[in-house]
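Breakdown of the fold
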Amino acid sequence: MDEQRFVGSWKLLSLKTVGDDKSEFFPFGENARGRIMYSESGYMSVVMMAADRVHFFSEDIRQGTDDEKITAANTYLSYTGKYSIVDGKVIHKIDASFFPNWTGIEQARFYEFSGNTLTLTTPPLRVDGVECIGYLIWEQE
């Protein structure tokens, strides 16, 4: 059953979006880092970020400059919640998200397994003002 194939920790191999004009874009760069985890108890968590995020000048977690905080926010995404498998899609029922608009909503992802990789594909969404589809490839560890 597909539910069992999801369970575990997956490392991000690739994250790209393809616009409706067929243009490709890598929202966090071509070397994005990330991890998605699915538990047997029905919970998931994901984090994705640019590999080369710039450190804040201050070591105090709350004392970055406005520019540092903006740059950090533009190079990071995370969310967590319950998940279920329905009609060839994994549904993420988000209860906490770095992007506030996603808290309390569901995000559907089409999925495909191949060996030890999992490809998640988004329905059309807007990234940087462009309608696109996201393709995320994960490797199970």
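Presented here is a report on the structure given in the accompanying data block. (Residues numbered from 1 in each chain as written. Predicted model: local features only at pLDDT ≥ 70, side-chain atom pairs only at ≥ 80, totals over all residues. Heavy atoms only, no water.)

**What to know about the layout of surface pockets**
In this structure, the largest pocket occupies an estimated 720 Å³ of space. Lining the largest pocket are 30 residues, and of these P27, F28, L77, W102 and V127 sit closest to its centre. Looking at the lining of the largest pocket, the elements with two or more residues in it are β1 (8-19), β4 (43-49), α2 (66-74), β5 (76-86), β9 (125-127) and β10 (130-140). Its residues assigned to classes, the lining of the largest pocket comprises 21 nonpolar, six polar and three charged. (1 Å grid on protein atoms, 1.4 Å probe; cavity = no way out; pocket = protein on both sides within 12 Å on 5 of 7 lines; lining within 4 Å. Points joined across faces, edges and corners; volume = space filled by probe spheres on them. Helix = DSSP H or I, 4+ residues; strand = E, 2+ residues; numbered from the N terminus. Nonpolar A, V, L, I, M, F, W, Y, C, P; charged D, E, K, R; others polar.)

**Quick word on the nonpolar core**
F6, Y38, M48, L118, L120 and W138 are the most contacted members of the largest nonpolar core, which totals 26 residues. Only β1, β3 (33-38), β4, β5, β6 (89-97), β7 (106-114), β8 (117-121) and β10 provide two or more residues apiece to this core. Ranked by residues supplied to this core, first place goes to β5 with four residues. (Core = buried A, V, L, I, M, F, W, Y, C linked by side-chain atoms within 4.5 Å. Buried < 20%, exposed > 50% of the residue type's maximum accessible area, 1.4 Å probe, protein only.)

**Quick word on the packing of aromatic side chains**
Applying the stated criterion to the full structure yields ten aromatic pairs. Plain terms: the ring middles of F6 and Y38 are 5.0 Å apart, the flat faces sit at 70 degrees to each other, and that makes the pair edge-to-face. Here Y38 lies in strand β3 and F6 lies in helix α1 (residues 2-6), a separation of 32 residues in the sequence. Ring centres 6.4 Å apart and planes at 45 degrees place the aromatic pair F6 and Y83 in the tilted group. Separated by 77 residues along the polypeptide, F6 in helix α1 and Y83 in strand β5 bring together distant segments of the chain. Neither F6 nor Y83 differs from the other in exposure class; each is buried. Members of the aromatic cluster, each reached through a chain of ring pairs, are F6, W10, Y38, Y83, Y111 and F113. (Phe/Tyr/Trp six-rings, centres within 6.5 Å; stacked < 30°, edge-to-face > 60°.)

**Comments concerning unusual backbone geometry**
The backbone of K22 shows a phi angle near 75 degrees, a positive value even though the residue is not glycine. Position of K22 relative to the elements: it lies in the loop between β1 and β2 (24-25). On the basis of relative accessible area, K22 is assigned to the exposed category, the value being 68%. The backbone of D87 sits at a positive phi, close to 50 degrees, despite the residue not being glycine. By the secondary structure assignment, D87 is in the loop between β5 and β6. Classification of D87 by relative accessible area gives exposed; the value is 72%.

These figures capture arrangement, not role.
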